[in-house]
Amino acid sequence: MDANEILDYCLAKKAVTESFPFDNETLVLKVDTKMFLLMALERQPLSINVKTDPEWSAELREQYPQITGAYHMNKTHWNSVVVNGLKRDLILKLIDHSYDLVFKSLTKKVQNTINNS
């Protein structure tokens, strides 16, 4: 997958916005006001940071050398994923999982507003 495919997939989800709050190279995708994916656009090979359940994070890191604790983030909950060499289905599953974790952390009121929009 390339950066455009990942961006299009994420933007198709409800209440997702994109911004560059840190620098001109790190694209941040949020659901409502909370980050669920970061993508270093200038870095090669392409990598993304996604939030994952801590137990699944440990499994992923053992199974895939392309998945490590995310730099400058809570390594218990965030993984850095080098996209090259990973199957598309796994990348989409990681994105969905990250989005769902962050969505569930929103207040019920915000969740309802998003679901009903």
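Since this is a predicted model, take the numbers as computed values, not measurements.

*Asks:* Now, about the overall build of the protein: what can you tell me, with residues and values included?
*Replies:* Helix and strand counts for the protein stand at four helices and six strands. Helices and strands appear in the protein in the N-to-C order α-β-β-β-β-α-β-β-α-α. Its C-alpha atoms give the protein a radius of gyration of 14 Å, within 12% of the compact-globule value 13 Å for 117 residues. Considering only C-alpha atoms, the protein reaches an extent of 40 × 30 × 25 Å along its principal axes. Out of the 117 residues belonging to the protein, those deemed buried represent 39%. The long-range share in the protein, meaning contacts at least 24 apart out of those at least 6 apart in sequence, stands at 49%.

*Asks:* Any details on the environment of valine 83? Residues and values, ideally.
*Replies:* Residue position: valine 83 is located in the loop between β6 (78-82) and α3 (88-105). We classify valine 83 as buried; its relative accessible area is 2%. Separated by 16 residues in the primary sequence, valine 83 and isoleucine 67 have C-alpha atoms spaced 8.9 Å apart. Once you skip the residues sitting within four places of it in the chain, valine 83 turns out to touch Met1, Ile6, Leu46, Ser47, Ile48 and Ile91.

*Asks:* Describe a negative patch on the surface, and please don't skip the residues or the numbers.
*Replies:* A grouping of Asp53, Glu55, Glu59 and Glu62 is seen on the molecular surface, where their side chains present a negatively charged patch. Of note, glutamate 62 is situated in helix α2 (residues 54-63). In this structure glutamate 62 comes out as exposed when scored by relative accessible area, which is 71%.

*Asks:* Kindly report on the nonpolar core, identifying the contributing residues and their values.
*Replies:* Ile6, Phe36, Leu37 and Ile48 are the most contacted members of the largest nonpolar core, which has 28 residues in total. Elements that contribute at least two residues to this core include exactly α1 (3-11), β2 (26-31), β3 (34-40), β4 (47-51), α2 and α3. In terms of residue count, α3 provides more of this core than any other element does, seven residues in total. Excluding residues within four positions of it along the chain, leucine 37 makes contact with Ile6, Cys10, Leu27, Val28, Leu29, Ile48, Asn49, Val50, Trp78 and Ile95. In terms of nonpolar packing, the next biggest core, distinct from the first, is built from five residues, Val28, Leu38, Met73 and Trp78 among them.

Basis of the calculations
- Residues numbered from 1 in each chain as written.
- Predicted model: local features only at pLDDT ≥ 70, side-chain atom pairs only at ≥ 80, totals over all residues.
- Heavy atoms only, no water.
- Helix = DSSP H or I, 4+ residues; strand = E, 2+ residues; numbered from the N terminus.
- Rg over C-alpha atoms; globule rule 2.2 N^0.38 Å.
- Buried < 20%, exposed > 50% of the residue type's maximum accessible area, 1.4 Å probe, protein only.
- Contact = heavy atoms within 4.5 Å.
- Patch = residues over 30% accessible without salt bridge, like charges linked within 9 Å, V, L, I, M, F, W, Y side chains within 5 Å.
- Areas by Shrake-Rupley, 256 points an atom, 1.4 Å probe, with all protein chains shown as cover.
- Salt bridge = Lys/Arg side-chain N within 4 Å of Asp/Glu carboxyl O.
- Lys, Arg positive; Asp, Glu negative; His and termini not counted.
- Charge placed at Lys NZ, Arg CZ, Asp CG, Glu CD.
- Core = buried A, V, L, I, M, F, W, Y, C linked by side-chain atoms within 4.5 Å.

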